[in-house]
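Structural characterization, general
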Amino acid sequence: TNLEEEHYLGRFWDLDVINSDFKILSRADFGRSPRKCFLCSEDAKVCGRQQKHSYHELTSKIHETLKEYIFQKTVSEMAYNALLKEVKLTPKPGLVDLNNSGSHKDMDVELFLRSAKTLRPFFEKFISIGMNSLTYDFSILFNKLRISGIEAEQEMFSETGQVNTHKGAIFSFALILGVIGRLSKKENYNFSIFELLDNVKMCASNISNEFSTDSV
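A brief report on the enclosed structure follows.

Calculation rules
- Residues numbered from 1 in each chain as written.
- Predicted model: local features only at pLDDT ≥ 70, side-chain atom pairs only at ≥ 80, totals over all residues.
- Heavy atoms only, no water.
- 1 Å grid on protein atoms, 1.4 Å probe; cavity = no way out; pocket = protein on both sides within 12 Å on 5 of 7 lines; lining within 4 Å.
- Points joined across faces, edges and corners; volume = space filled by probe spheres on them.
- Helix = DSSP H or I, 4+ residues; strand = E, 2+ residues; numbered from the N terminus.
- Nonpolar A, V, L, I, M, F, W, Y, C, P; charged D, E, K, R; others polar.
- Buried < 20%, exposed > 50% of the residue type's maximum accessible area, 1.4 Å probe, protein only.
- Patch = residues over 30% accessible without salt bridge, like charges linked within 9 Å, V, L, I, M, F, W, Y side chains within 5 Å.
- Areas by Shrake-Rupley, 256 points an atom, 1.4 Å probe, with all protein chains shown as cover.
- Salt bridge = Lys/Arg side-chain N within 4 Å of Asp/Glu carboxyl O.

In this structure, the largest pocket encloses a volume near 890 Å³. As for the largest pocket, its lining consists of 32 residues, and the residues nearest its centre are Glu4, Asp14, Arg35, Ala44 and Lys45. When contributions to the lining of the largest pocket are tallied by element, the ones reaching two or more residues are α1 (2-6), β2 (24-25) and α2 (44-50). Ranked by residues supplied to the lining of the largest pocket, first place goes to α2 with four residues. Residues of the lining of the largest pocket, tallied by class, amount to 15 nonpolar, six polar and eleven charged. Reported here for the second largest pocket is a volume of approximately 300 Å³. In this structure, the second largest pocket is lined by 17 residues; those nearest its centre are Glu4, His7, Tyr8, Arg11 and Phe38. For the lining of the second largest pocket, the secondary structure elements donating two or more residues are α1 and α3 (55-88). Across the lining of the second largest pocket, the residue classes break down as four nonpolar, two polar and eleven charged.

The next subject is the environment of Lys186. Inspection of the secondary structure assignment puts Lys186 in helix α6 (residues 167-186). Under the relative-accessibility criterion, Lys186 is labelled exposed at 54%. Sequence-wise, Lys186 and Met131 are 55 residues apart; in three dimensions their C-alpha atoms are separated by 8.3 Å.

This part covers a nonpolar patch on the surface. Among the surface-exposed residues, Ile18, Phe22 and Ile24 lie close enough to one another that they form a single nonpolar patch of about 380 Å² accessible area. Here Ile18 is to be found in strand β1 (residues 17-18). The class for Ile18 is exposed, based on a relative accessible area of 52%.

And the structure:
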């Protein structure tokens, strides 16, 4: 039931669990409500019996969700690999690299690698937030990304013992990946780097107000 409810593709799986007495265990046995139809959110069994949705509707939904899932995985892995390449770039005088820790005595490559791994699932989350943002404006998207970004920071600090390895990267990637997710849905995965940068600018347009004299 956790796989069905939490995995991005879980709604398309039909997993049967049978106990030692050969009884099929249902969601109701564990106090879970019936599975919902992924097209109309009604009881899935009722929709199935009534053949409420056409084969084309069902397969179209599955294909679109698979496309989203693959896109999120691909782009988030690019962000994760960018962090790995950055820390392994050598030499970087004064910074952590494969030769030494530079001026950062509380950091090393291994710490950065652990931090990056901790942030990995958040990159997918940033994209997903953007994909679901078409019905509201950039200020709301920014605030949703900020909430998730704070969660990512907390996980990072927990992993690194309060050492700031990737706080700036979290902010940058949250904006970039969130906007990539938004544009991918809006433009059917077809947009330019210029559109991406313009939309990132709009998403972050109000942040300077937080540093004004009146807000301090």
